[in-house]
Amino acid sequence: MATNKYKTGENVPESGKYKVDSLVNGGSSSNDTTIDIEKGEQFPPSPSDSDAAYWVKA
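Residues numbered from 1 in each chain as written. Predicted model: local features only at pLDDT ≥ 70, side-chain atom pairs only at ≥ 80, totals over all residues. Heavy atoms only, no water.

## Let's talk about the nonpolar core
Piece 1. Counting 10 residues, the largest nonpolar core consists of Tyr-6, Val-12, Tyr-18, Val-20, Leu-23, Ile-35, Ile-37, Phe-43, Ala-53 and Trp-55.
Piece 2. Within the residue set of this core, elements represented by two or more residues are strand S2 (16-23), strand S3 (34-37) and strand S4 (53-57).
Piece 3. Examining the composition of this core, we find that three residues originate from one element, S2, more than from any other. (Core = buried A, V, L, I, M, F, W, Y, C linked by side-chain atoms within 4.5 Å. Buried < 20%, exposed > 50% of the residue type's maximum accessible area, 1.4 Å probe, protein only. Helix = DSSP H or I, 4+ residues; strand = E, 2+ residues; numbered from the N terminus.)

Here it is as structure tokens:
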């Protein structure tokens, strides 16, 4: 089963913990922290890199 990835700016489909999978620009993120985010909020930029990121459910 493929892991769903969500991009910075997209709406959160399900409340919970998410972590940065990779950066949109192709770089790797130095961030391994998770965030708690509520359904309907928007995914933020990567906390450590301040760049657009792909998020996955933690």
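## Some remarks on the pairing of S3
Every regular strand shows the same layout, with side chains that alternate between the two sheet faces.
Piece 1. Here S3 shows a buried face lined by Ile-35 and Ile-37 and an unburied face lined by Thr-34 and Asp-36.
Piece 2. Bridge count for S2 against S3 is four bridges, and the pairing is antiparallel. Among the inter-strand pairings, Tyr-18 is bridged to a residue of S3, identified as Ile-35. (Pairing = 2+ DSSP bridges.)

## Some thoughts on the environment of Ile-37
Piece 1. In this fold, Ile-37 is placed in strand S3.
Piece 2. Sequence separation of Ile-37 and Gly-16 is 21 residues, and the distance between their C-alpha atoms is 5.7 Å.
Piece 3. Those residues within four positions of Ile-37 in sequence are excluded, and the remaining contacts are Val-12, Ser-15, Gly-16, Tyr-18, Gln-42, Phe-43 and Pro-44. (Contact = heavy atoms within 4.5 Å.)

## Considering the sheet that holds S3
Piece 1. As summarised here, the arrangement of the four strands in space is S1-S4-S2-S3, forming an open sheet in which the pairing is antiparallel. Edge strands, defined here as strands with exactly one partner in the open sheet, are strand S1 (6-7) and S3.
Piece 2. Relative to S4, S2 is paired through five bridges, and the arrangement is antiparallel. Residue pairing in the sheet places Ser-22 in a bridge with Tyr-54 of S4.

## A few points about the environment of Ser-46
Piece 1. Positionally, Ser-46 belongs in the loop between S3 and S4.
Piece 2. What makes Ser-46 buried here is its relative accessible area of 2%.
Piece 3. When the C-alpha atoms of Ser-46 and Asn-11 are compared, they prove to be 15 Å apart, with 35 residues separating the residues in sequence.

All quantities given are derived from atomic positions and should not be read as evidence of function.
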